[in-house]
Amino acid sequence: MSTYVLKGARILGAAASDVLVEDGVIVAIGPAGATSRAGAEVVDADGLVALPGLVDLHTHLREPGREDAETVETGTAAAALGGFTAVHAMANTDPVADTAGVVEQVWRLGREAGHCDVRPVGAVTVGLAGTQLAELGAMADSAARVRVFSDDGNCVSDAVMMRRALEYVKAFGGVVAQHAQEPRLTEGAQMNEGELSGVLGLQGWPAVAEEAIIARDVLLAAHVGSRLHVCHVSSAGSVDILRWAKSKGWAVTAEVTPHHLLLTDDLATTYDPVYKVNPPLRTADDVTALREALADGTIDAVATDHAPHSHEDKDCEWAAAAMGMLGLETALSVVQEAMVETGLLDWAGVADRMSTRPARIGSLEAHGTALEVGAVANIVLVDPSARRVVDPFALASRSRNTPFAGRTLPGVVVATFLRGRPTVLDGKLQ
Ligand SMILES: [Zn+2]
């Protein structure tokens, strides 16, 4: 295995230093310019910020079943280019990842692709149908070692089913990740419910449909003494409930997507379905509350909800279009714009919310660890001073549905190392 010297890397934005990586491990960190090793490959990291490899709790890789939209190969390539060293692959594939066989298939495809670690998420209920608990124990015991369970795309709306799932995962330290959406309140929903949905004549998705489920589930999690994770929190009211639940000391964690940190519901006035997503883009006040909650730790993590959709499913009229947005290749840039350049988070904070905490929530060992001597070399090098215009056709994803097309975003991922091996170097997939 090769040896690398990352010359002049600013670990978590601190002073420049040299980082020596050998056999997949950080073996030395010294003053900038002072480290050399015979035969080592030198990576010029002058001016680059070094972060622990990013970890995504919420990625739709679409394989098996919708390989026209994404595959494990293309999705994990996108992840590596975005600075991720591990992703959690959501279960709403076809067939659904509700058995040991399917989660092992996804896990194996991830290993073969080799761009980043793939940890499959197991379905909570058989076929995501919400009526029968899936084989949670068998998935946990499988080679994929599933620890996160979610019916994402669907809400586990039956309170008894949710309670059973929370009870079941306790046995192996698992967590239930809830897509909080009260189904009856959101039938036919197209965008955030508010003045604008009335003006545009689009069926509203009221924030209370999310908040009501989160309120129920934090109470259930506390009652059962189990771990709840809330997916893609989108409203200020949800933040209030989470803050209250955390003040009680309950084992509740939550994520926010990059798009909910930057975009607002007024984009629906374009009727461009690239802005159609579930939960929907909300108001500027919601965005402010989400940013503050991520800054103060009420929201633990940024998760992409990377949701590739084929041209046929996405490029049609708003009401018929699929919900979802790409996220992996722009997540770090969006967080830099929304959180770092606004002074809400420093780079240590970004590392915590995009690597350390998501790794802990997903029970991923050897990810999200501090960049210090002896640590596994999962590292991303980002140039925070670079800017780029997002070009959907230049993305590694098989789909093109990025809401940031044509937008100039700060920060460019220069290199990603997975266990000491570059998956991305000079901004290019290796
Ligand atoms: Zn979801």
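What you see is a predicted model; the values in this text were computed from it and never measured.

## Here's the deal with the overall build of the protein chain
Link 1 in the chain: For the protein chain, the helix and strand inventory stands at 12 helices and 19 strands.
Link 2 in the chain: In terms of overall dimensions, the protein chain is globule-like: its C-alpha atoms have a radius of gyration of 21 Å, near the 22 Å expected for 430 residues.
Link 3 in the chain: For the protein chain, the spread of C-alpha atoms along the three principal axes comes to 65 × 45 × 45 Å.
Link 4 in the chain: Taken over 430 residues, the protein chain has a buried fraction of 58%.
Link 5 in the chain: A fraction of 74% describes how many contacts in the protein chain between residues 6 or more apart in sequence connect residues 24 or more apart.

## Re unusual backbone geometry
Link 1 in the chain: Cis geometry is found at the peptide bond from E63 to P64, where omega equals 5°.
Link 2 in the chain: Take P64: it is sitting in the loop between β6 (54–59) and α1 (72–81).
Link 3 in the chain: Of note, the amide linkage connecting N278 to P279 takes the cis form, showing an omega dihedral of -5°.
Link 4 in the chain: If you trace the backbone, P279 turns up in the loop between α8 (258–262) and α9 (284–296).
Link 5 in the chain: For R62, which is not glycine, the phi dihedral falls at a positive 70°.
Link 6 in the chain: A count of 28 C-beta atoms within 10 Å places R62 in the buried class.

## Some remarks on the nonpolar core
Link 1 in the chain: Among the nonpolar cores identified, the biggest contains 136 residues, and L6, A50, F149, L242, L290, V335 and L381 are the most heavily contacted of them.
Link 2 in the chain: The residue makeup of this core includes at least three contributed by each of domain 1 (3–49 + 374–429) and domain 2 (53–361).
Link 3 in the chain: What L290 contacts, discounting residues up to four positions off in sequence, is V233, V239, V256, H260, L261 and I299.

## Here we look at the environment of L381
Link 1 in the chain: When you line up the elements, L381 lands in strand β16 (residues 379–389).
Link 2 in the chain: By C-beta crowding, L381 is classed as buried, having 27 other C-beta atoms within 10 Å.
Link 3 in the chain: Through-space distance from the C-alpha of L381 to that of V413 is 6.0 Å; in sequence the pair is 32 residues apart.

## Some details on the sheet that holds strand β10 (residues 175–178)
Link 1 in the chain: Strand order in the open sheet formed by five strands is β9-β10-β13-β14-β15, and the pairing between neighbours is parallel. Two strands lie at the open edges of the sheet, namely β9 (148–149) and β15 (301–302), each paired on one side alone.
Link 2 in the chain: Summarising the sheet, β10 and strand β13 (residues 228–230) pair through three bridges and their orientation is parallel. Bridging from a neighbouring strand, A177 pairs with H229 of β13.
Link 3 in the chain: Strand contacts of helix α6 (residues 207–224): β10, β13 and β14 (252–256), with the helix running at about 165° to β13, the strand carrying the most contacts.

## Considering the pairing of strand β2 (residues 16–22)
On a regular strand, each side chain points to the face opposite its neighbour's, so the side chains alternate between the two faces of the sheet.
Link 1 in the chain: Of all seven residues that make up β2, five are buried, and the element is covered over most of its length.
Link 2 in the chain: Sheet analysis places strand β1 (residues 3–11) next to β2, joined by six bridges and oriented antiparallel. For V5, the partnering residue across the bridge sits in β2 and is L20.
Link 3 in the chain: The antiparallel hairpin formed by β1 and β2 contains four residues in its connecting segment, where L12 sits at a positive phi of about 55°.
Link 4 in the chain: In terms of strand pairing, β2 meets strand β3 (residues 25–31) through six bridges, oriented antiparallel.

## Re α1
Note on helix geometry: an α-helix contains 3.6 residues per turn, so any two residues three or four positions apart are oriented the same way.
Link 1 in the chain: Among the 10 residues of α1, nine are classified as buried, and the element is accordingly described as predominantly covered.
Link 2 in the chain: Taken from the residues just after α1, G83 is the one with a positive phi, measuring 95°.

## Looking at the domain arrangement of the protein chain
Link 1 in the chain: The domain architecture assigned to the protein chain consists of domain 1 (3–49 + 374–429) and domain 2 (53–361).
Link 2 in the chain: Between the C-alpha centres of domain 1 and domain 2 there is a distance of 26 Å.
Link 3 in the chain: The set of elements that each furnish at least two residues to the side of domain 1 that touches domain 2 consists of β16, β17 (408–418) and β18 (421–425).
Link 4 in the chain: Top contributing element to the side of domain 1 that touches domain 2 by residue count: β17, with six residues.
Link 5 in the chain: Here the side of domain 1 that touches domain 2 is built from residues that sort into 17 nonpolar, nine polar and one charged.

Each value, and the rule that gives it
- Residues numbered from 1 in each chain as written.
- Predicted model: local features only at pLDDT ≥ 70, side-chain atom pairs only at ≥ 80, totals over all residues.
- Helix = DSSP H or I, 4+ residues; strand = E, 2+ residues; numbered from the N terminus.
- Rg over C-alpha atoms; globule rule 2.2 N^0.38 Å.
- Buried ≥ 20, exposed ≤ 12 C-beta atoms within 10 Å, placed from the backbone.
- Contact = placed C-beta atoms within 7 Å.
- Core = buried A, V, L, I, M, F, W, Y, C linked by C-beta atoms within 7 Å.
- Domains from an automatic or database assignment.
- Pairing = 2+ DSSP bridges.
- Axes fitted to C-alpha atoms, helices over the stretch in contact; angles between N-to-C directions.
- Nonpolar A, V, L, I, M, F, W, Y, C, P; charged D, E, K, R; others polar.

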